[in-house]
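Below, each chain spelled out in residue letters.
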Amino acid sequence: MKNVLILIAKRFAASLLTVFIVSVIIFIGVELLPGDVAETVLGQSATPETVEAFRKELKLDLEPHVRYGAWLKDFVNGDFGNSLANGRPVSELIGWRLTNTLFLALITSIIAIPLAICLGMLAAFYRNSFFDKLISVTTLSFISFPEFFIAYILIAVFSVQLGIFPSLAIIDKHMGFGAKLFAVLLPSLTLTCVVTAHMMRQTRAAIINVLASAYIEMAEIKGINRLRIIVHHAFPNSLSPVINVIAVNIAYLIVGVVIVEVVFVYPGLGQLLVDSVAKRDLPVVQASGLIFSFVFIFLNLAADVLSMLSNPKLRQSKI
Amino acid sequence: MNNLLEIKNLYIEAFYEEQWQPIVRNISLNLKRGEVLGLIGESGAGKSTIGLAAMGYTRQGCRLASGSINLDGTELMGASDEELKAVRGSKIAYVAQSAAASFNPSHRVIKQYAEAPVQHGLMGYEEAEEEAVELYRRLFLPTPEKIGYRYPHELSGGQLQRSMVAMAMSCKPDIIVFDEPTTALDVTTQIEVLAAVKEITEKMNKAALYITHDLAVVAQVAHRIMVLRNGRLVEEGETCQLLEKPKEKYTRELLNVRNTRQEKPITDKMGVILKIENVTATYTGQENVLEDIDLVVRKGRTVALVGESGSGKSTLAKVITGLLPATHGSVSFFGEILPPELKKRTKEDLRRMQMIYQMPDTALNPKQSVRKVIGRPLEFYFGIKGKEAEEKVRELLRKIELDPDSYIDRLTTELSGGEKQRICIARALAAEPELIICDEVTSALDQLVAEGLLDLLQDLQNKTDVSYLFITHDLATVKAIADKIVIMLKGKIIEQGEKKQVLSPPHHEYTDKLLASVPEMDPNWLDNLLAQRASAFI
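Residues numbered from 1 in each chain as written. Chains lettered and ligands numbered in written order. Predicted model: local features only at pLDDT ≥ 70, side-chain atom pairs only at ≥ 80, totals over all residues. Heavy atoms only, no water.

Engineer: Please provide a residue-by-residue account of the environment of B:A101, values included.
Structural biologist: You can see B:A101 is positioned in helix α3 (residues 99-102). B:A101 sits 52 residues away from B:H153 along the chain, and the two C-alpha atoms are 10.0 Å apart. Apart from the residues within four sequence positions on either side, B:A101 is in contact with A:A214 and A:Y215. (Helix = DSSP H or I, 4+ residues; strand = E, 2+ residues; numbered from the N terminus. Contact = heavy atoms within 4.5 Å.)

Laid out in structure tokens, this is it:
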């Protein structure tokens with residue numbers, strides 16, 4: 001166990017380093033954006049003097065590395081600065097949005113991951129049969145369509161025709177869990193269609209890969225039934241690649257769902273990011289960029305640790 | 001007495017080269033309760049295929065073509081999946097060659113034991129657990145109450161093999177198919193497994209099919225023997241009769257293999273290639289796996305490193321190649337001390353020392369062609385590419401006695417075990433090494449194939465003056481190939497010297513035990529030995 005802990009600590013340190021590098025890249029990227037914040041905010045009628053004064057107030061006249069240092073220091077202390085657009089604290093803006101994004105990602109994961117794994121197992125079980133091909137074709141068609149297309153189809157069917165779900169996923173702070181859940185159901189169904197195929201194909205491939213092993217033959221010879229062989233013998237040994245794909249997909253659910261948010265008018269982080277870029281609201285852009293990279297890097301770390309723990313040989317290296 | 005198993009005119013086909021072709025032809029056999037039938041032959045003889053067919057099972061790409069397989073009144077030919085499932089594991093069970101690969105790495109050993117009886121609805125999990133412990137005890141596994149709760153990677157090869165014998169017994173089947181259960185084991189462990197087989201077949205009154213390529217082994221356990229070749233029956237007979245008066249030429253060939261090599265003297269004047277001094281090594285930092293090893297390999301000579309599994313033979317190879325840096329002591333090559341870690345060694349260091357492994361299946365990339373496998377070291381060490389490389393690869397293939405035209409474009413998966421191992425030799429030779437470390441290179445191969453491979457290695461040594469460090473547990477191999485023998489036990493060298501000297505009495509006590517454990521072609525050898533050991537305890 002000691003060895004595993006050391007390994008995890010090393011990976012953790014590497015992740016922190018990556019986050020740091022990403023923060024530099026984000027900062028530089030924002031610097032490279034064309035246009036000037038002061039001018040954008042004050043509008044075209046502003047005099048050069050007022051623009052200059054505003055730049056000073058925003059500390060935009062300082063050297064970039066000084067500003068980077070100050071920004072990083074504040075960020076570590078939990079102070080994300082104030083929005084340039086409306087002067088409110090960035091943490092307040094992002095906090096509410098981030099909770100919403102995580103909520104949507106969570107609900108989608110709860111639907112999509114078990115679904116994908118079950119479908120993957122069934123596809124492996126009925127390998128090369130009609131059923132296997134049907135699953136593959138269906139899920140692959142779903143990722144081939146653009147997200148907004150699936151979203152509108154679902155709205156057309158479930159909101160317009162059947163009238164079951166609302167077409168807009170508007171939520172506010174005073175809604176209860178049930179109401180929230182009801183509101184996000186259509187967007188999470190849309191996202192489920194998008195992420196299931198990837199995870200399901202990986203599960204199927206990983207299991208089929210393991211099916212050629214001698215211990216699978218042994219299980220067959222012991223007279224164990226096929227479904228149990230897939231679930232009990234093959235799946236535990238194919239966890240590692242599956243966990244990795246799941247992590248990538250969860251990360252996608254958190255950082256990459258702008259279009260779905262826009263279609264359903266869902267107050268998530270992605271939409272905020274896009275709005276802020278348009279408004280040149282740099283503190284918000286930087287903070288959300290950094291949060292996104294945090295999520296990505298640490299989900300990958302979690303995936304690595306989990307796949308390590310899924311292997312008894314690595315897990316038990318204490319003995 | 002009725003036959004438990006009756007196979008009549010069995011044909012099995014495999015799909016290759018775009019059509020179904022027979023791999024087992026017209027095999028008939030009968031098996032009565034309490035009887036052990038030995039199936040013997042080289043790889044490709046169809047032994048395992050027949051063994052699996054007895055359970056109504058074929059590997060992927062094969063099918064039962066015609067004939068009849070009658071298991072205690074149930075016809076398995078054309079039986080439904082449900083009928084087959086009901087029989088497999090419960091009426092007839094299987095012990096595979098590689099226990100390490102046949103246990104699921106994700107589950108504890110005892111859970112895998114209990115799976116068949118629980119799934120077949122014969123007993124509950126707790127009951128199965130109790131029975132497992134009892135069987136583990138009967139098969140002389142250490143700490144039988146606890147050993148089952150380990151994961152497969154925590155058991156040694158011999159322990160795993162015995163746990164698999166126990167697993168096969170879990171549903172108390174009438175017949176057990178043993179498929180080369182001792183091939184991967186060292187001689188002293190082999191005896192334990194053979195004793196377990198005897199215990200089961202004689203005292204528990206079960207029938208067994210015993211598949212092996214080693215006549216001396218099958219002679220110990222089988223009442224009757226069938227000799228197979230290329231899927232056909234060569235001859236069949238009672239064990240004693242077959243050993244004493246084989247009718248067919250092929251059987252006689254199997255009986256008298258293992259010719260000893262000509263003696264090559266070792267003198268102090270000969271160049272020292274590898275010198276190991278005071279090497280101590282450990283995996284955990286606490287327990288030493290190797291202690292104070294001193295060893296010299298001279299030019300053009302073969303040193304055999306002998307010992308049971310766990311004796312530290314393979315660990316020593318890891319220290320020499322730099323995979324496991326030694327904690328004390330030094331490894332020098334041509335008088336220069338090598339850096340202990342692999343990473344710090346130069347390309348030239350790496351080139352001069354090559355390795356051939358026990359399992360050619362895992363040592364070769366299944367997605368690569370022979371040309372690529374052998375061409376890789378040429379490019380890596382010498383920068384040879386294109387036409388020149390092609391010529392070199394062909395030359396190497398000729399050296400290992402494989403026809404370049406028909407082999408160069410084959411994938412490594414399209415080769416037999418012996419051919420694969422030859423490719424591994426060619427890959428090692430491509431680097432033009434001074435020393436080749438051979439780690440159990442023949443133990444996964446058939447007798448005649450192994451024989452051919454040893455001849456080849458000998459031949460190559462005569463031509464190129466390469467030195468070998470031959471790691472093995474098989475004393476017959478040692479007798480055939482070594483100039484010098486080093487015997488290891490629990491991480492220490494207990495005896496070393498020239499072959500003649502080590503093999504002739506007086507022996508070290510452990511050497512004596514090792515030598516006595518090598519099966520002889522005498523059907524009573526095992527019984528005598530076990531009786532002898534038992535009386536020694538009283």
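Engineer: So what's going on with the interface of chain A and chain B? Which residues, and what values?
Structural biologist: Across the boundary between the two partners, chain A contributes 21 residues, which contact 28 residues of chain B. Between chain A and chain B the total buried area reaches about 2,300 Å² when both faces are included, carbon and sulfur atoms providing 54% of it. On the chain A side of the interface with chain B, the three residues burying the most area are A:M218, A:I221 and A:K222, jointly 28% of the side's total. Where chain A packs against chain B, one counts 3 salt bridges. Put simply, chain A and chain B have 13 residue pairs in polar contact (both at pLDDT 80 or more) between them. Sorting the residues of the side of chain A that touches chain B by element identifies α9 (214-221), α10 (226-234) and α15 (312-315) of chain A as the ones contributing at least two each. (Buried area = accessible area lost by both parts, 1.4 Å probe. Salt bridge = Lys/Arg side-chain N within 4 Å of Asp/Glu carboxyl O. Polar contact = N/O pair within 3.5 Å; in protein donor to acceptor, adjacent residues only side chain to side chain.)

Engineer: Lay out helix α4 (residues 64-76) of chain A in plain terms, naming residues and giving numbers.
Structural biologist: Residue and element names in this part refer to chain A. For α4, built from 13 residues, the straight-helix expectation of 18 Å at 1.5 Å per residue is met to within 8% by its first-to-last C-alpha distance of 18 Å. Of the residues making up α4, those classed as buried are R67, Y68, W71 and F75. What you see down the axis of α4 is that its buried residues fit within an arc of 105°, all on one side. Exposed residues on α4 whose side chains face more than 90 degrees from its buried face are H65, K73 and V76. (Expected span 1.5 Å × (residues − 1). Buried < 20%, exposed > 50% of the residue type's maximum accessible area, 1.4 Å probe, protein only. Arc of directions from axis to C-beta.)

Engineer: Tell me about the sheet that holds strand β9 (residues 224-229) of chain B, residues and numbers included.
Structural biologist: Residue and element names in this part refer to chain B. Spatially, 6 strands are ordered β6-β7-β8-β3-β9-β10 in an open sheet, and the strand pairing comes out mixed. The strands lining the two open edges of the sheet, one partner per strand, are β6 (92-95) and β10 (232-238). Ignoring strand direction, the axes of neighbouring strands in this sheet form an average angle of 15°. On the sheet, helix α7 (residues 157-169) packs against β6 and β7 (175-179) and is oriented at approximately 170° with respect to β6. (Pairing = 2+ DSSP bridges. Axes fitted to C-alpha atoms, helices over the stretch in contact; angles between N-to-C directions.)

Engineer: So what about helix α22 (residues 509-517) of chain B? Which residues, and what values?
Structural biologist: Burial in α22(B) covers these residues: B:Y510, B:T511, B:L514, B:L515 and B:S517. Looking down the long axis of α22(B), one finds its buried residues gathered within 160° of arc, a one-sided arrangement.

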